[in-house]
Structures are given as structure tokens and as C-alpha cells.
Amino acid sequence: SRPRDVLGCSPMLRSGLLIAIIAGAGVWMAGLAGCDVALDSSGPEIGSAVQLLTTSRGELAEQALRRIEELSGALGSDSGSGRARSRAALPYLEAALHRADPVGRRNLVIALRRLGLAESTPLLGHIAAFDSDSATAREAWQTLSLWATATATKTGHSERAAAASAALRKVDEVRGNSSFE
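Residues numbered from 1 in each chain as written. Predicted model: local features only at pLDDT ≥ 70, side-chain atom pairs only at ≥ 80, totals over all residues. Heavy atoms only, no water.

Undergrad: Please give an account of helix α9 (residues 158-175) that cites residues and values.
TA: Taking 1.5 Å of rise per residue, 18 residues should cover 26 Å, and α9 covers 25 Å from first to last C-alpha, within 8% of that figure. What α9 keeps buried is the set Arg160, Ala161, Ala164, Ala167, Leu168 and Val171. Down the axis of α9, the sector holding all buried residues measures 130 degrees, keeping them to one side. Exposed and oriented more than 90 degrees from the buried face of α9 are Glu159, Arg169, Lys170 and Glu173. Structurally, α9 contributes buried residues whose contacts are with α7 (121-130) and α8 (134-149). Where α9 ends, the next residue or the one after it, Gly176, has phi of about 75 degrees, a positive value. (Helix = DSSP H or I, 4+ residues; strand = E, 2+ residues; numbered from the N terminus. Expected span 1.5 Å × (residues − 1). Buried < 20%, exposed > 50% of the residue type's maximum accessible area, 1.4 Å probe, protein only. Arc of directions from axis to C-beta. Contact = heavy atoms within 4.5 Å.)

As C-alpha cells, this is what we get:
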């Protein structure tokens, strides 16, 4: 028999419910704060894809990444609706970072990179500065470094380049100017 808690559900179901509650609350609070987050029916599907991403490896993880991209709409687009839909995945990805193992956290960093949103730079900076797994921290740092340099010249990505540069400066302050190069 599976272990049950006082709510009568398994620990795995309880953790999935917690992710959905936290992510849903994040989207709701972002809406209250005036953020342009699309509230559509894809939320639970995004949460499921993020959960799969954190627990999978190889091709299954890649499929979860593609599903998150698909559900997030026009990724990295500067059009209002495309950017809003892309932002809808952020609360799910951030919530999952707190529970994922190191490989799962690296997968989440890759998902943040693929979404390509300037709004994710503070989160990536925090991961680069403080993650206990050096490979995960390096992945976040490399994403910020890529965004700060390669996208600075692309039109429409100057906000992301500036945010990534600022996040990298903070990472250098925290880490004592020790980069991952």
C-alpha cells in the first residue's frame, strides 16, 4: 500500500498539487500586479510538462521541453500576446526549481533559455550565483552570458541583453568575480 498523509493523497500527488497551487497563485498575483500574463487553459498542461521535465532525462525531457515551448505560444516574440503566453510558464518553472534534483534544475534552466524572456534573468542570476550544483550554476551563467553578448546586437532583444549583463555583474559580486569560463 502507498503511504498516505492526512489529506488522503500520496506524496507524489500532494507535490503535484502544491506545484499547481503555487504556480497558479503566481500567475494570479502577476495579474493583480498588472503584468501582462495570459490566463488561459494551458496552465495545468504547462505544469504537467514542467513536472515531466524535472523528472525525465534524454528524449523524454526533450519532448517535455518542446511541449512547454508549444504551450507557451510564440516564444521570445515581442508581440504582446506572444510574450504574455511565454510568461505563463515562468511561475511553473520557478516553483519546480525548489524541488528538482540537479539534472532537473539544469533542464529547467534550458527551458528558461528556450523561452528567452528578459523577465527570467533575475532567476537565472540567482541560480548562477547560489545553486549548490556547479553544473546547474554554470548552465545559468552561460545562458546569461549568451544573452548579454550574442543578443545585444539583435533588434528586439536589447532589454534582455541589458538585464542579462546586470545579472552577470551581480553574480560576479556574489561569487567574488569567479566566472565559469
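Undergrad: Please provide a residue-by-residue account of the nonpolar core, values included.
TA: Soluble, globular proteins show a tendency: their nonpolar side chains are buried together. Judged by nonpolar contacts, the single largest core of 37 residues is most densely connected at Ile46, Val50, Leu53, Ile68, Leu93, Leu108 and Leu124. Mapped by element, the contributors of at least two residues to this core are α2 (43-55), α3 (58-71), α5 (90-97), α6 (102-115), α7, α8 and α9. Residue contacts for Leu93: discarding those within four places in its chain leaves Val50, Ile68, Leu108, Ala111, Leu112 and Leu115. (Core = buried A, V, L, I, M, F, W, Y, C linked by side-chain atoms within 4.5 Å.)

Undergrad: Help me get a handle on the packing of α6 against α8, residues and values and all.
TA: Close contact between α6 and α8 brings their axes to 9 Å; oriented N to C, the two are set at 10 degrees. By the criterion of interaxial angle, the relationship of α6 to α8 is roughly parallel. Across the interface between the two elements, Pro102, Arg105, Arg106, Val109, Ile110, Leu112 and Arg113 of α6 pack against Ala135, Thr136, Glu139, Ala140, Thr143 and Trp147 of α8. Of the residues in the contact of α6 with α8, the class split is 7 nonpolar, 2 polar and 4 charged. (Axes fitted to C-alpha atoms, helices over the stretch in contact; angles between N-to-C directions. Parallel < 35°, antiparallel > 145°, perpendicular 65-115°, else oblique. Nonpolar A, V, L, I, M, F, W, Y, C, P; charged D, E, K, R; others polar.)

Undergrad: Summarise the environment of Asp131; cite the residues concerned and give the values.
TA: Position of Asp131 relative to the elements: it lies in the loop between α7 and α8. Ignoring sequence-local partners within four residues, the contact set of Asp131 consists of Arg105, His126, Thr136 and Ala137. A distance of 2.8 Å separates the side chain of Asp131 from the side chain of Arg105, its partner in a polar contact. In this structure the side chain of Asp131 is engaged in a polar contact, spanning 2.8 Å, whose partner is the backbone nitrogen of Asp133. (Polar contact = N/O pair within 3.5 Å; in protein donor to acceptor, adjacent residues only side chain to side chain.)

Undergrad: Go over the packing of α2 against α5, please, and point to the residues and values.
TA: Relative to each other, α2 and α5 sit at 35 degrees, their axes nearing to 9 Å. At the point where α2 passes α5, the crossing takes the right-handed sense. Contacts between α2 and α5 involve Gly43, Pro44, Ile46, Gly47, Val50 and Thr54 on the former and, on the latter, Tyr92, Leu93 and Ala96. Looking at side-chain class alone, the contact of α2 with α5 contains 6 nonpolar, 3 polar and no charged residues. (Left-handed = near helix turned anticlockwise from the far one by under 90°.)

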